Amino acid sequence: MCGIVGAVAQRDVAEILVEGLRRLEYRGYDSAGIATIDQQNLLVSAKRLGKVQELAQALQDSPLSGGTGIAHTRRATHGAPSEVNAHPHLSSGNIAVVHNGIIENHEALRNLLKGFGYEFVSQTDTEVIAHLVHHELKTGDTLLAAVQKTVQQLEGAYGTVVMDSTDKDRIIVARSGSPLVIGYGLGENFIASDMMALLPVTRKFAFLEEGDVAEVTRFDVNVYDINGDSVEREAKEASVNHDSGDKGEYRHYMLKETYEQPTAIRNTLEGRLTGTELNIETFGNGADDIFKNVEHVQIIACGTSYHSGMVARYWLEELAGISCNIEIASEFRYRKSFVPKNSMIVTLSQSGETADTLAALRLAKEIGYTSSLSICNVPGSSLVRESDLSFMTKAGAEIGVASTKAFTTQLVGLLMMTLAIGKHHSMPLVQQESIAKSLLTLPNKLEEVLALASSIEDLAEDFADKQHALFLGRGDQYPIAMEGALKLKEISYIHAEAYAAGELKHGPLALIDAEMPVIVVAPKNDLIEKLKSNVEEVRARGGLMYVFADVDANFLSDDTMKVINVPHCDDIIAPIVYTLPLQLLSYYVAIIKGTDVDQPRNLAKSVTVE
Ligand code: G6P
């Protein structure tokens, strides 16, 4: 989604801001802009439709000076992508504003401000913020007070940053529903919507809370809560690397992140399993007591994270002996649901900021869920802060829009949660130990699977001219088939659907012909014979299959079927193991189709608006 970067420094900040925008490019955007306050205390700005590089080029031709500045990448909501709609938005020559999110009452405010004589140049909801701040300043308020009064009039979700060229040594930031982080430097301070943007200039960050307004100067950061009271927001050192934003030797972030999975999982396991014993306090203080009392688990997530939750349902019910539901956050938050006694809400999210998931968590707390846990990849994110317990996946920064290592590390977290809950329910010690042992074999197993890349690349050729694809799996591989279909859709734009293989006869068989490739995930588990019957159903109708099969499952390539042998693994980790070949398949198909792998059209990495 949109990205924000801002700075108050003694040196010129335009280059820092543009580099920050570059580091947010992965989130998806259509235009970029910047404003600074120059040596003559004048507001100067530049905007470009298209990539940040266009803006960087414009600044090379006409540089902007000044130590106070804000910059933005916009993804259109109100008003088409255009230079005029790009941020920053200005008022009366001295106020500049950038904004993420949506101002729901912008029409009423626009009419009010027109009545005061303000003229609007864009179709955006953001422009009302610029004029409102300017209007509030007329009463002689400070910039801080004017922004505080402004945000009280805004309805909707926003993260916004305001500066005033007549008061050039400060920027004011306000958060309500859209994340903002303060970055602390020496004699200079920064703000951004994602700390990734600021890693080249600082590693010390404090996250703003909902309703916070902060005044940022070169030497001070003063934060005020929703009531206007001065509050402390603790600054912490970031654990992500500065170079997490680099592709290294890889052609795309998605490929790099796919190959990082063995390391990401090693990091996620580290310190959590001592021998085969799980350190339950890794979920937070008092986790063991909370898990002991849980009688039902409700999982909530969106997109790829939803698929990991689907796998966890199989694990929790079969292994931990506890009932579990899984629901898409945008559905859960808008229906009345029944809350069983002693239920825990578990949210899954790479970013920790997905608007629907956050709203679902807040609703769950209101309607009587006893406890909450977030499995998340971003420390300090909203879901983590607002949950009783959290499990941090240690995947490192994930830049590719299509999620890879965040998904597989989430599955590791979910398996550990299954162990933590299972030990208080029906899971025998010997089974707990066997699951822990399997988890420890996972990184090496994934390295073996990655060695299949070149055969999968060859297979991808067959998909170049296909419009559709069908993915099949059974049991805990059904969600993996769904995740495989989602990956293919997201990055190659081929229409793909997944079915539980047992459902074939209830509809999808009608689609089978030589133009419909059928991808099958076939580990050697207790459903393999059932799956083989489903494969025969496809073969009998002239379908062409691509089977990722356990090396011992006796699938042989022939005219109707291409088999990729996957190294044998324990059943419990098979959903994680079989994810990787499907990620590689979608990647290589996208390469052949020439799509934008890391920033697929119309998609965003982190969806912080509804
Ligand atoms: C977006 C991304 C997906 C992601 C989903 C949920 O749609 O493009 O890759 O799975 O959001 O994001 P989350 O951060 O909550 O896991």
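Every value quoted in this text rests on a predicted model; they were computed, and no experiment measured them.

Calculation criteria
Residues numbered from 1 in each chain as written. Predicted model: local features only at pLDDT ≥ 70, side-chain atom pairs only at ≥ 80, totals over all residues. Heavy atoms only, no water. Near = heavy atom within 4 Å. Polar contact = N/O pair within 3.5 Å; in protein donor to acceptor, adjacent residues only side chain to side chain. Areas by Shrake-Rupley, 256 points an atom, 1.4 Å probe, with all protein chains shown as cover. Helix = DSSP H or I, 4+ residues; strand = E, 2+ residues; numbered from the N terminus. Nonpolar A, V, L, I, M, F, W, Y, C, P; charged D, E, K, R; others polar. Contact = heavy atoms within 4.5 Å. Disulfide = S-S within 2.5 Å. Buried < 20%, exposed > 50% of the residue type's maximum accessible area, 1.4 Å probe, protein only. UniProt positions renumbered as here; feature names shortened; annotations may be inferred. Pairing = 2+ DSSP bridges. Axes fitted to C-alpha atoms, helices over the stretch in contact; angles between N-to-C directions.

Asks: Teacher, can you tell me more about the site of the ligand here?
Replies: As a structural note, the neighbourhood of the ligand is formed by 14 residues, with Ser305, Ser349, Gln350, Ser351 and Thr354 the closest of them. One nitrogen or oxygen atom from the side chain of serine 351 is found 2.7 Å from an oxygen atom belonging to the ligand. Interatomic distance of 2.8 Å between a backbone N/O atom of alanine 604 and an oxygen atom of the ligand. Notes on the ligand: free accessible area 390 Å², of which the protein chains cover 89%. At 3 residues, helix α9 (residues 303–320) tops the list of elements feeding residues into the shell around the ligand. Of the residues assigned to the shell around the ligand, the class counts are 4 nonpolar, 8 polar and 2 charged.

Asks: How should the side chain of histidine 106 be read in this particular structure?
Replies: Mapping histidine 106 onto the fold places it in helix α3 (residues 106–115). Those residues within four positions of histidine 106 in sequence are excluded, and the remaining contacts are His78, Asp125 and Val128.

Asks: Whenever I open this one, the state of the cysteines confuses me. Can you help?
Replies: By definition, a disulfide is the covalent link that joins the sulfur atoms of two cysteine residues. Under the counting rule described, the total for this entry stands at 0 disulfides. Free of any disulfide, cysteine 324 has its nearest cysteine sulfur in cysteine 302, 16 Å distant. Taking relative accessible area as the criterion, cysteine 324 reaches 1% and is therefore assigned buried. Cysteine 376 takes part in no disulfide bond, and the closest cysteine sulfur, belonging to cysteine 302, lies 13 Å away. Judged by relative accessible area, cysteine 376 falls into the buried class, the value being 1%.

Asks: What exactly am I supposed to notice about the UniProt feature "active site" (unreviewed entry) in the protein here?
Replies: In this numbering, the UniProt entry assigns the feature "active site" (unreviewed entry) to Cys2 and Lys605. Across 604 residues of sequence, these annotated residues stay compact in space, with a maximum C-alpha separation of 10.1 Å. Along the chain, cysteine 2 turns up in the segment before β1 (3–8). Those residues in contact with cysteine 2 that sit more than four places away from it in its chain are Arg27, His72, Thr73, Arg74, Arg75, Asn100 and Ser193. With respect to the helices and strands, the residue lysine 605 is situated in the segment after α18 (574–593). On the basis of relative accessibility, which here comes to 12%, the residue lysine 605 falls in the buried class.

Asks: Would you take a moment to explain the sheet that holds strand β24 (residues 495–500) for this structure?
Replies: Working definition: the strands of a sheet are paired by backbone hydrogen bonds and lie parallel or antiparallel to each other. Strand order in this open sheet of 5 strands is β24-β23-β25-β26-β27, and the pairing throughout is parallel. Unpaired on one side and paired on the other, β24 and β27 (561–566) mark the two borders of the sheet. Ignoring which end each strand starts from, the neighbouring axes of this sheet average 20° apart. In the sheet, strand β26 (residues 544–550) pairs with β27 via 6 bridges, with the strands oriented parallel. Looking at β27, one finds that tyrosine 546 is bridged to lysine 562. The sheet contacts of helix α17 (residues 528–540) involve β23 (468–473), β25 (517–522), β26 and β27, and relative to β25 the element is tilted by about 170°.

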